[in-house]
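# Tertiary structure, described
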Amino acid sequence: MSDCLFCKIVEKKIPARIVHEDADTVAFEDVNPQAPTHVLVVPRKHVATMMDLGPDDDALVGKLFRAGAAIAKARGIDGPGYRVVMNHNRDAGQSVFHIHLHVMGGRRMGWPPG
Ligand code: DGP
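So, here is what we can say about the structure in this document. Quick caveat, the model's predicted, so the values are computed rather than measured.

## Re the site of the ligand
Around the ligand sit 15 residues, and of these Asp30, Asn87, Gly93, Ser95 and His102 come closest. Take Glu29: an N or O atom from its main chain is 2.9 Å from a nitrogen atom of the ligand. Backbone polar atom of Val31 to a nitrogen atom of the ligand: 3.2 Å apart, as the coordinates give it. Burial of the ligand by the surrounding chains reaches 81%, relative to a free accessible area of 500 Å². At the level of elements, helix H1 (5-10) and strand E2 (25-29) are the ones that each hand at least two residues to the shell around the ligand. A total of three residues in the shell around the ligand trace back to one element, the largest contributor, which is H1. Residues belonging to the shell around the ligand are distributed by class as follows: seven nonpolar, six polar and two charged.

Structure below.
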C-alpha cells in the first residue's frame, strides 16, 4: 500500500534496523523502544488491522508468531520471558495501520498494561 509506513519499511524505501526477514514476514527494531528488546514483526502483505485478516491469512498469522519466537530465542529472552502485543484501533493505541506484533522483553513487565 503506497502510503503505509510499514509497507515502505518492508519494501526498503525507508530505513529500519531489520533483524529478521523471510518470505512472508519482516521484523525490525521499534524506533521508540519500551524495553531492552522491542522488535516489531510485520507481514510483507498489507493488512491494516486484525479485523482485516481473512481465512487465507491463517498461515500468515502463525508465521508472525513463529518469527517472534525465533527473535525472542535469538535475544535470549525466551527463558526469562517476554511479551507479545498487537494494538487494535484507538483505545489500544494503534498508530500504524499495518498489523504488527510488538515483541518486548529484557525487563519485568507490569500487569495490567497501561
Ligand atoms: P502501534 O502504536 O501499536 O501501532 O505501534 C506502532 C509502533 O511503530 C510504535 O511502537 C512506534 C513504531 N514506529 C513508528 N514509526 C516508526 C518508524 O518509522 N520506524 C520504526 N522502526 N518504528 C516506528
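## Here we look at the pairing of strand E1 (residues 18-21)
In this structure, E1 lies alongside E2, joined through three bridges in antiparallel fashion. The residue bridging Ile18 from the neighbouring strand is Phe28, located in E2. Where E1 folds back on E2, the antiparallel hairpin that results is connected by three residues.

## Some words on the side chain of Thr49
Considering the arrangement of structural elements, one finds Thr49 in the loop between strand E3 (37-43) and helix H2 (58-75). Those residues in contact with Thr49 that sit more than four places away from it in its chain are His88, Gln94, Phe97 and Ile99.

## Quick notes on unusual backbone geometry
Glycine aside, residues mostly have negative phi, and peptide bonds are mostly found in the trans state. Cis peptide bonds are those with omega within 30 degrees of zero, and the linkage from Trp111 to Pro112 qualifies with 5°. With respect to the helices and strands, Pro112 occurs in the segment after strand E5 (101-105). One non-glycine residue, Lys12, adopts positive backbone phi at about 60°. Within the secondary structure, Lys12 sits in the loop between H1 and E1. Residue class for Lys12 comes out exposed when judged on its relative accessible area of 53%. You will see that Asn89, though not glycine, has its phi angle at about 65°, which is positive. Within the secondary structure, Asn89 sits in helix H3 (residues 89-92). The class of Asn89 is partly exposed, set by a relative accessible area of 35%.

## Section: the sheet that holds E2
Sheet architecture is open: five strands sit in the order E1-E2-E3-E5-E4, paired in antiparallel fashion. A strand with exactly one partner marks an edge of an open sheet, and here the two such strands are E1 and strand E4 (82-85). Along the sheet, successive strands turn relative to each other by an average axial angle of 20°, direction set aside. Pairing analysis gives five bridges linking E2 to E3, with the strands arranged antiparallel. Following the sheet pairing, Thr25 is matched in E3 by Pro43. Together, E1, E2, E3, E4 and E5 form the strand contacts of H2, whose direction differs from that of E3 by roughly 155°.

Rules of the game
- Residues numbered from 1 in each chain as written.
- Predicted model: local features only at pLDDT ≥ 70, side-chain atom pairs only at ≥ 80, totals over all residues.
- Heavy atoms only, no water.
- Near = heavy atom within 4 Å.
- Polar contact = N/O pair within 3.5 Å; in protein donor to acceptor, adjacent residues only side chain to side chain.
- Areas by Shrake-Rupley, 256 points an atom, 1.4 Å probe, with all protein chains shown as cover.
- Helix = DSSP H or I, 4+ residues; strand = E, 2+ residues; numbered from the N terminus.
- Nonpolar A, V, L, I, M, F, W, Y, C, P; charged D, E, K, R; others polar.
- Pairing = 2+ DSSP bridges.
- Contact = heavy atoms within 4.5 Å.
- Buried < 20%, exposed > 50% of the residue type's maximum accessible area, 1.4 Å probe, protein only.
- Axes fitted to C-alpha atoms, helices over the stretch in contact; angles between N-to-C directions.

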